[in-house]
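Listed here are the chains, written in short residue letters.
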Amino acid sequence: RSVDLPLPFGPTTASRCPGATEQSTPRNAGSAAPGYRTVSPSPRTVTTTEYGMLEPDNIPTMVRAGPDGSVWFTIDSASAVGRIQNGKVQRLQKPGANLEPVGLAVDRDGAAWYTDGPSRVVSRISPSGEITSVGIDMPIARLGQIAVAPDGAVWFAEASAFSITRLKDGALQR
């Protein structure tokens with residue numbers, strides 16, 4: 001659904017710059033005082049679009065945008081990863097429920113990578129829904145945030161090993 005929201009700006013707003021002191025140099029010429037900046041947006045309206053979940057108990061948690069304009073998201077307490085593409089919400093099934101999906105990243109090919117602590121894997125899900133996983137050799141895996149580097153390496157936080165782990169070409173480096 002789309003909603004028009006008026007932005008609450010008056011003709012001029014002065015705001016304190018982070019870390020500014022009274023002796024700071026103004027960020028913009030004509031600022032109200034040292035350490036302040038003047039912003040003069042005109043009143044306007046923005047349109048937001050909400051995408052409802054396909055199942056009433058689905059709770060989207062992490063959100064990442066892909067290079068093709070799609071938006072991937074994890075779903076709390078579900079056995080699926082979500083994707084919005086061309087205005088449509090998709091629910092892509094994955095093996096096992098992930099109760100705390102905290103890691104999600106998108107690579108240059110548009111595939112999503114996610115951490116799955118209960119299953120002790122880091123997985124890649126392609127836009128078509130194909131999943132490949134790499135197992136983590138820990139009895140308990142506390143997997144956190146994940147990122148994909150420009151060279152295709154996948155980096156993720158692994159609290160149970162007290163490390164940041166690199167995954168490249170199927171090999172883990174701690």
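Rules behind the numbers
- Residues numbered from 1 in each chain as written.
- Predicted model: local features only at pLDDT ≥ 70, side-chain atom pairs only at ≥ 80, totals over all residues.
- Heavy atoms only, no water.
- Core = buried A, V, L, I, M, F, W, Y, C linked by side-chain atoms within 4.5 Å.
- Buried < 20%, exposed > 50% of the residue type's maximum accessible area, 1.4 Å probe, protein only.
- Helix = DSSP H or I, 4+ residues; strand = E, 2+ residues; numbered from the N terminus.
- Contact = heavy atoms within 4.5 Å.
- Pairing = 2+ DSSP bridges.
- Axes fitted to C-alpha atoms, helices over the stretch in contact; angles between N-to-C directions.
- Salt bridge = Lys/Arg side-chain N within 4 Å of Asp/Glu carboxyl O.

**Considerations on the nonpolar core**
No. 1: Residues A105, W113, V122, V134, I136, M138, A141, L143, I146, V154, F156 and L167 constitute the largest nonpolar core, which totals 12 residues.
No. 2: Secondary-structure elements contributing two or more residues to this core are β13 (143–148) and β14 (154–158).
No. 3: Residues contacting A141, with those up to four places away along its chain left out, are G117, R120, I136 and S160.
No. 4: Ranked by size, the runner-up nonpolar core spans 9 residues in total, among them M62, V81, L104 and A112.

**A look at the pairing of strand β11 (residues 121–125)**
One face of the sheet, then the other: side chains in a regular strand alternate in exactly this way.
No. 1: Extensive coverage of β11 is indicated by the burial of 4 of its 5 residues.
No. 2: Pairing of strand β10 (residues 112–116) with β11 involves 5 bridges; the strand directions are antiparallel. When the bridges of β11 are listed, W113 appears paired with R124.
No. 3: Remark: 4 residues form the turn of the hairpin made by β10 and β11, two consecutive strands paired antiparallel; R120 in that turn has positive phi of roughly 55 degrees.

**Some points on the sheet that holds β13**
No. 1: Taken in spatial order, the 4 strands line up as β13-β14-β15-β16 in an open sheet, and their pairing is antiparallel. Both outer strands of the open sheet, β13 and β16 (171–173), are each paired with one neighbouring strand and no more. Shown here is a sheet whose adjacent strand axes are inclined to one another by a mean of 25 degrees, direction ignored.
No. 2: Here 4 bridges tie β13 to β14, and the two strands are oriented antiparallel to one another. The partner of I146 across the bridge, within β14, is F156.

**Topic: the pattern of salt bridges**
No. 1: In total, this model carries 6 salt bridges according to the counting rule given.
No. 2: The shortest N-O distance in the salt bridge between D107 and R124 comes to 3.2 Å. One end of the pair, D107, is in the loop between β9 (104–106) and β10; the other, R124, is in strand β11, and 17 residues separate them in sequence.
No. 3: Among the residues examined, D107 registers a relative accessible area of 9% and is labelled buried.
No. 4: Several salt bridges converge on common partners, so that one network encompasses D137, E158 and R174.

**Here's the deal with the sheet that holds β9**
No. 1: In spatial order, the strands read β9-β10-β11-β12; together these 4 strands make up an open sheet with antiparallel pairing. Looking along the sheet, the strands with just one partner apiece sit at the ends: β9 and β12 (131–135). Ignoring which end each strand starts from, the neighbouring axes of this sheet average 20 degrees apart.
No. 2: Here β9 runs beside β10; their pairing, made up of 3 bridges, is antiparallel. Bridged to L104 within β10 is Y114.

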